[in-house]
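Next come the chains, spelled out residue by residue.
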Amino acid sequence: MKAILTDITKCIGCNECVKACTETNGLGEERAYRWRADDGLSSERYTSVLRKKGFHVRKQCRHCLEPACVSACPVGALKKTPEGAVIYDDSRCLGCRYCMMACPFGIPRYLWSSPVPYVRKCTMCYTTRLTRGQQPACTEACPVEATIFGERDALLSEARRRISDNPRLYLPKVFGEHEVGGTAVLYLSPIELDFLSLGNRLDERPMPERTMLAMAVVPPVFLGMGALMGGIYWVIERRRRLQKEKPAEKADNSDGSSDK
Ligand code: SF4
Ligand code: SF4
Ligand code: SF4
């Protein structure tokens with residue numbers, strides 16, 4: 001499984017990763033919404049570099065091994081790929097934003113500027129680069145290899161080697177190795193990174209388990225709403241499919257093969 005390792009002791013805050021991500025994903029100008037979180041992420045920014053306790057810390061989707069966003073989505077618009085990336089299919093998305101509520105890192109953002117809003121987040125450059133045998137744009141762009149790409153096992157070994165070579169520099173753990181069941185974006189850091197998970201210290205239990213528990217106490221009216229949205233989605237999809245099939249039917253009928 002592929003992964004990204006970010007060593008915040010190496011990051012110089014140049015923002016080349018952010019620039020490369022913006023260009024590769026064709027992202028537009030940022031908009032200053034009143035309700036926008038101050039972590040630099042938005043529907044137009046899939047990664048950001050935060051300043052904390054004298055360090056630069058890159059934020060992006062963690063590509064969880066057991067992603068809460070995937071388990072919360074009622075129509076399968078989010079998917080964990082075998083390569084490790086968690087990707088999103090906007091043709092399936094209902095716009096319910098359950099994924100945004102479920103994510104323990106507060107990553108997915110809503111495309112408020114669009115009349116048909118979708119959810120946006122880092123996809124590990126899955127279609128633009130990964131499936132073409134290339135590494136993500138952000139890791140390639142980093143001039144000091146503060147953020148690197150590779151096999152998750154190899155990056156974990158590299159991270160452990162750095163900690164053992166320099167135990168006074170790092171906290172003695174690889175962030176993302178175990179939290180919420182493990183993530184494909186790992187960090188080495190001399191400071192706690194709770195601010196990346198909305199101030200919560202996360203334990204090792206995968207989030208989907210908790211999502212299920214949370215769903216168990218959701219009032220039936222909300223579950224009914226989910227079912228209703230699922231029904232509406234099914235009707236829309238069916239209508240779209242039928243519309244697509246119509247021209248083909250007309251062509252069949254015009255060659256005289258019709259029964260009528
Ligand atoms: S960090 Fe959030 S959006 Fe990214 S895979 Fe995990 S649950 Fe999904
Ligand atoms: S992996 Fe790709 S989409 Fe994700 S932050 Fe890096 S450049 Fe952006
Ligand atoms: S490109 Fe590398 S050094 Fe520059 S901000 Fe991004 S992670 Fe840090």
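Quick notes on the rules
- Residues numbered from 1 in each chain as written.
- Chains lettered and ligands numbered in written order.
- Predicted model: local features only at pLDDT ≥ 70, side-chain atom pairs only at ≥ 80, totals over all residues.
- Heavy atoms only, no water.
- Helix = DSSP H or I, 4+ residues; strand = E, 2+ residues; numbered from the N terminus.
- Buried < 20%, exposed > 50% of the residue type's maximum accessible area, 1.4 Å probe, protein only.
- Contact = heavy atoms within 4.5 Å.
- Areas by Shrake-Rupley, 256 points an atom, 1.4 Å probe, with all protein chains shown as cover.
- Near = heavy atom within 4 Å.
- Nonpolar A, V, L, I, M, F, W, Y, C, P; charged D, E, K, R; others polar.
- Core = buried A, V, L, I, M, F, W, Y, C linked by side-chain atoms within 4.5 Å.
- Phe/Tyr/Trp six-rings, centres within 6.5 Å; stacked < 30°, edge-to-face > 60°.
- Lys NZ or Arg CZ within 6 Å of the ring centre and 35° of its normal.
- Pairing = 2+ DSSP bridges.
- Axes fitted to C-alpha atoms, helices over the stretch in contact; angles between N-to-C directions.
- Salt bridge = Lys/Arg side-chain N within 4 Å of Asp/Glu carboxyl O.

## Considering the overall build of the chain
Piece 1. Looking only at helices and strands, the chain has seven helices and nine strands in total.
Piece 2. Relative to its 260 residues, the chain shows a buried fraction of 43%.
Piece 3. Intrachain contacts of the chain at a sequence separation of at least 6 include 61% that bridge at least 24 residues.
Piece 4. Element-wise, carbon and sulfur atoms account for 54% of the exposed surface of the chain, whose accessible area totals about 14400 Å².

## Describing the site of ligand 2
Piece 1. Of all residues adjacent to ligand 2, which total 13 residues, the nearest are Cys21, Cys122, Met124, Cys125 and Cys138.
Piece 2. Looking at the shell around ligand 2 residue by residue, the classes come out as eight nonpolar, four polar and one charged.

## Quick notes on the nonpolar core
Piece 1. In this structure, Leu5, Tyr187 and Leu193 are the most contacted members of the largest nonpolar core, which totals 27 residues.
Piece 2. For this core, the elements supplying multiple residues, two or more each, are strand 1 (2-7), helix 5 (152-165) and strand 9 (185-188).
Piece 3. Excluding its chain neighbours within four sequence positions, the residues that come into contact with leucine 193 are Ile8, Val57, Phe175 and Tyr187.
Piece 4. Leu41, Tyr46, Cys64 and Leu202 belong to the second largest nonpolar core, which has 12 residues in total.

## Points about the packing of aromatic side chains
Piece 1. Within this structure, the stated rule accounts for zero aromatic pairs.
Piece 2. The ring of phenylalanine 195 has lysine 52 lying over it, and the distance from NZ or CZ to the ring centre is 5.1 Å.
Piece 3. Just above the ring of tyrosine 110 sits the side chain of arginine 97; from NZ or CZ to the centre is 4.4 Å.

## A look at unusual backbone geometry
Piece 1. A positive phi angle is found at lysine 53, which is not glycine, with a value near 45°.
Piece 2. Looking at where lysine 53 falls in the secondary structure, it is placed in the loop between strand 2 (48-52) and strand 3 (55-59).
Piece 3. In this structure, methionine 124 takes a positive phi of about 60° despite not being glycine.
Piece 4. With respect to the helices and strands, the residue methionine 124 is situated in the loop between strand 7 (119-120) and helix 4 (137-141).

## Here we look at the site of ligand 1
Piece 1. If you check the shell around ligand 1, you find 14 residues, and the closest are Cys61, Arg62, Cys64, Cys69 and Cys103.
Piece 2. A per-class count over the shell around ligand 1 returns 11 nonpolar, one polar and two charged.

## Re the sheet that holds strand 1
Piece 1. Strand order in the open sheet made by the three strands is 8-1-9, with mixed pairing throughout. Unpaired on one side and paired on the other, strand 8 (147-151) and strand 9 mark the two borders of the sheet. Along the sheet, successive strands turn relative to each other by an average axial angle of 25°, direction set aside.
Piece 2. Bridge count between strand 1 and strand 9: four bridges; the pairing is parallel. The partner of leucine 5 across the bridge, within strand 9, is leucine 186.
Piece 3. Contacting strand 1, strand 8 and strand 9, helix 5 runs over the sheet at an angle of about 130° to strand 8.

## Let's talk about helix 1 (residues 16-24)
Piece 1. Within helix 1 the residues assigned to the buried category are Cys17, Val18, Ala20, Cys21 and Thr22.
Piece 2. Of the surrounding elements, those touching the buried residues of helix 1 are strand 2, strand 3 and helix 4.

## Some details on the pattern of salt bridges
Close approach of charged atoms allows side chains with opposite charge to pair.
Piece 1. One pass over the structure, following the stated rule, counts 12 salt bridges.
Piece 2. The salt bridge involving glutamate 158 is made with arginine 161; its shortest N-O contact spans 2.8 Å. Here the residue glutamate 158 and the residue arginine 161 both occupy positions in helix 5, the gap between them amounting to three residues, near one helical turn.
Piece 3. Residues arginine 161 and aspartate 165 are paired through a salt bridge, measuring 2.7 Å at the closest nitrogen-oxygen approach. Note that arginine 161 and aspartate 165 are positioned in helix 5 at a spacing of four residues, about one turn of the helix.
Piece 4. Through salt bridges that share partners, Asp7, Glu158, Arg161, Arg162 and Asp165 make up one connected network.

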